[in-house]
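# Structural characterization, general
The primary structure of each chain is shown beneath.
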Amino acid sequence: MMQRLHSAFIYAASLGASIGTFFLIRSFGPSLVTSGPPQGPARLTTSETPGILLHVLLTLVVVLVLARILGAMFRRLNQPQVMGEVVAGILLGPSFLGWLAPGVASQVLPANTASYLGLISQVGVVLYMFLVGLDLDTDLLQKRSQAAIAISHASIVAPFLLGAAFALWLYPRYSTGVFSFTTFALFIGVAMSITAFPVLARILTDRGMQKTRLGVLALACAAIDDVTAWCLLAFAMSVAHAQTGSLLFTLSTIIGFTFFVLLIAKRGALWLVRRQTRKGRTTQDMFAMVCAALLLSALVTERIGVHALFGAFLLGTVIPHNSVLARDIRARCEDLVVVLLLPVFFAFTGMRTQLGLVHGTRDWMACILIIGVASLGKFGGSFLAARWTGSDWREAASLGVLMNTRGLMELIVLNVGLDLGVLSPVLFTMFVFMAVITTLATTPILHKLTQSHGQSSDPIGK
């Protein structure tokens, strides 16, 4: 007890002495004169808008909470949690909250926060695409079967060509007119061709099908599909940017950088993996090297004219997905990206999705046609190729439904198209609607197809 009183006395005496010393110093201040002319107060924030940080912080809290709530609700409904987060982002936008309670919307998601949310969401998408590349099993691609090659190619070619043909009708009615039909058709084809590999993998894992014959085949097809689709997106963006420059230069530059990453950067990644193995842990210096390489790769592809997400994805593929280094990187980054940054991306997408723009018989007919063409191309191409390679009709249909899963990957492509001005806001909204509908339909249809069928659910080798 005495020791505590002694410590308290020393603390109080020190505090009093400090305060007295400060007032003594302060007494000499009024007699001092500055040498320079009077200047205005220094800005304490980087924003021109007062209170912008308060709005952004409030927005992040609301987005995070609603995304977790709806994600949990969708998970209980046997839907991927990410789709609940996507719907949460749309509900916070002008399509619902802005229409139902515009006053609340102006406080939760004010228009002056859009640029800040857009920047945060871009960083989140770049990091997420790096993690997608990190999860990609390149051994699976190298050992892919003839069936996986045929199905994945069919699931890209069929929707791409159908989308390009459909663009003939869409272009005069819904394009911005900024780009030529060629660029527009390329983007529509890519948007129709995307399969959301991470969402598909999550659906299979939730149903315990990731190691079944159907699950392994679907994962292999989706992995090949994703790589092909991102290459097509890179090509489409090269064409879009090269309208005011040189297409040949852009394509040759991105191809050269791709070979550099796959040949040179991969050796550096393998050296880092060996170093991590020798040390037995991933040090902060190692993690810093990975982050620096990630940012540089994203920077180069952004500078070339292909989106930064392509560089992030490309770098992720060169780190062995089953290495301890990859596992540690995922452990350090995944929660931050998935829990906070991606919901911000969904909210930003929701701010840009305006269902009110889709009105009248023609618009809704176009929306239905987009869903139909996208599903016909993905499902039809995968189904026919699976039947041709020996699958029965039920397994082929299950594979077609899985390949029609779009989700987050589709939203990334659509936001790129909207940013470039290739997609108009109304067409962007229609395609967002298509991505949500086709992904939500996957789980219930797959359940109907597999619940009474043993072959597709049997583990490999049985």
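Residues numbered from 1 in each chain as written. Predicted model: local features only at pLDDT ≥ 70, side-chain atom pairs only at ≥ 80, totals over all residues. Heavy atoms only, no water.

## Let's talk about the overall build of the chain
Note the following rule: Starting at the N terminus, helices and strands are each numbered in turn, a helix being any DSSP run of H or I of at least four residues and a strand any DSSP run of E of at least two. Here the term buried applies to any residue with accessible area under 20% of the maximum for its type, exposed to any over 50%, and partly exposed to those in between, with areas from a 1.4 Å probe on protein chains only. We call two residues in contact when some of their heavy atoms are within 4.5 Å.
Broken down by element type, the chain carries 19 helices and 0 strands. Taking the principal axes of its C-alpha atoms as reference, the chain extends roughly 90 × 60 × 50 Å. Out of the 462 residues in the chain, the part that is buried amounts to 48%. Across the chain, every contact between residues at least 6 apart in sequence was considered, and the portion connecting residues at least 24 apart equals 81%.

## Comments concerning the layout of surface pockets
Empty space among the atoms can be located by rolling a probe the size of a water molecule over them. Filter applied, for reference: In the cavity and pocket records, a cavity denotes points on a 1 Å grid over the protein atoms alone where a 1.4 Å probe fits but cannot get out, a pocket denotes an open set with protein on both sides within 12 Å along at least 5 of 7 lines, and lining residues are residues with an atom within 4 Å of a point. Grid points are joined across faces, edges and corners, and a volume is the space filled by probe spheres set on the points. Each residue is assigned to one of three groups, with Ala, Val, Leu, Ile, Met, Phe, Trp, Tyr, Cys and Pro labelled nonpolar, Asp, Glu, Lys and Arg labelled charged, and all others, Gly among them, labelled polar.
What the largest pocket holds in volume is close to 800 Å³. Elements represented by at least two residues in the lining of the largest pocket include exactly helix 3 (81–91), helix 6 (114–135), helix 10 (197–206), helix 11 (213–241) and helix 15 (324–352). Looking at the lining of the largest pocket element by element, the count peaks at 6 residues for helix 10. Grouping the amino acids of the lining of the largest pocket by side-chain chemistry returns 14 nonpolar, 3 polar and 6 charged.

## As for the pattern of salt bridges
Put simply, the test is: The salt bridge definition used is simple: a Lys or Arg side-chain nitrogen within 4 Å of an Asp or Glu carboxyl oxygen.
Scanning the entire structure with this criterion turns up 6 salt bridges. Residues Asp225 and Lys378 are paired through a salt bridge, measuring 2.6 Å at the closest nitrogen-oxygen approach. Of this pair, Asp225 sits in helix 11 while Lys378 sits in helix 16 (residues 360–388), and the two are 153 residues apart along the sequence. Take Asp225: its relative accessible area is 0%, and that puts it in the buried class.

## Things to note about the environment of Thr353
Selection criterion: N or O atoms closer than or at 3.5 Å make up a polar contact, with two conditions inside protein: a donor-capable atom paired with an acceptor-capable one, and, for residues adjacent in sequence, both atoms drawn from side chains.
As for its placement among the helices and strands, Thr353 is situated in the loop between helix 15 and helix 16. Distance in space between the C-alpha atoms of Thr353 and Ala67 is 17 Å, their sequence separation being 286 residues. In this structure Thr353 touches Pro94, Ser95, Phe428, Thr429 and Val432, once residues within four positions along its chain are discounted. Engagement of the side chain of Thr353 in a polar contact is seen with the backbone oxygen of Thr349, the distance being 2.8 Å.

## With respect to the nonpolar core
Applicable threshold: For this analysis, a nonpolar core means a set of buried residues of the types Ala, Val, Leu, Ile, Met, Phe, Trp, Tyr and Cys, connected via side-chain atoms within 4.5 Å.
Counting residues in each nonpolar core, the largest one holds 123 residues, and the members touching the most others are Phe130, Trp230, Ile319, Ile412 and Leu427. A total of 17 residues in this core trace back to one element, the largest contributor, which is helix 11. Other than its neighbours up to four places away in sequence, Leu427 contacts Leu170, Tyr174, Phe184, Ile188 and Ile370. Core analysis: the second largest hydrophobic core is formed by 14 residues, Val56, Leu60, Ala105 and Val344 among them.

## Section: the confidence of the model for the chain
Close inspection of predicted coordinates is inappropriate for parts of the model with low pLDDT. For clarity, the threshold we go by: Per-residue confidence from the predictor is given as pLDDT, running between 0 and 100.
The predicted model of the chain averages 84 in pLDDT, with 90% of residues at 70 or higher. Throughout residues 455–462 the model reports pLDDT below 50, and contacts reaching past four residues in sequence, or to other chains, amount to 16 contacts.

## A few points about the environment of Lys378
Accessibility expressed as a relative area gives 0% for Lys378, which makes it buried. Separated by 184 residues in the primary sequence, Lys378 and Ile194 place their C-alpha atoms 8.8 Å from one another. Residues in contact with Lys378, not counting those within four places in the same chain, are Ser155, Pro159, Met192, Ser193, Ile194, Thr195, Asp225, Gly400, Met403, Asn404 and Arg406. Within polar-contact distance, the side chain of Lys378 engages the side chain of Asp225 at 2.6 Å.

## Observations regarding empty space enclosed by the protein
This model, assessed by the stated rule, comprises 1 cavity of 30 Å³ or more. Each pocket or cavity is described by its volume, and for the largest cavity that value is around 50 Å³. As for the largest cavity, its lining consists of Gln122, Val125, His307, Leu309, Phe345, Ile412, Asn415, Val416 and Asp419. Breaking the lining of the largest cavity down by element, the ones donating at least two residues are helix 6 and helix 18 (407–420). Per-element accounting of the lining of the largest cavity gives the leading share, 4 residues, to helix 18.

## Focus on the packing of aromatic side chains
What characterises a pair of aromatic rings is the spacing of the ring centres plus the angle enclosed by the ring planes. The condition is simple: For Phe, Tyr and Trp, where Trp contributes only its six-membered ring, two rings pair if their centres lie within 6.5 Å, and the inter-plane angle classes them as stacked under 30 degrees, edge-to-face over 60, or tilted in between. Each ring is checked for a lysine NZ or an arginine CZ that lies within 6 Å of its centre and within 35 degrees of its normal; such an atom marks a charge sitting over the ring.
Counted under the stated rule, the structure contains 9 aromatic pairs. Ring plane angle 75° and centroid distance 6.0 Å describe the contact between Phe22 and Phe23, whose orientation is recorded as edge-to-face. Each ring, one from Tyr171 and one from Phe181, has its centre 5.6 Å from the other, and the planes form 85°; the classification is edge-to-face. A residue pair is termed long-range when its members are at least 10 positions apart, and Tyr171 in helix 8 (residues 146–174) and Phe181 in helix 9 (residues 181–193) qualify at 10 residues. Among the residues examined, Tyr171 registers a relative accessible area of 23% and is labelled partly exposed. Counting every residue linked through ring pairs, the aromatic cluster contains Phe166, Trp169 and Tyr174. Its guanidinium or amino end placed over the ring of Phe287, Arg332 lies 5.2 Å from that ring's centre, counting from NZ or CZ.

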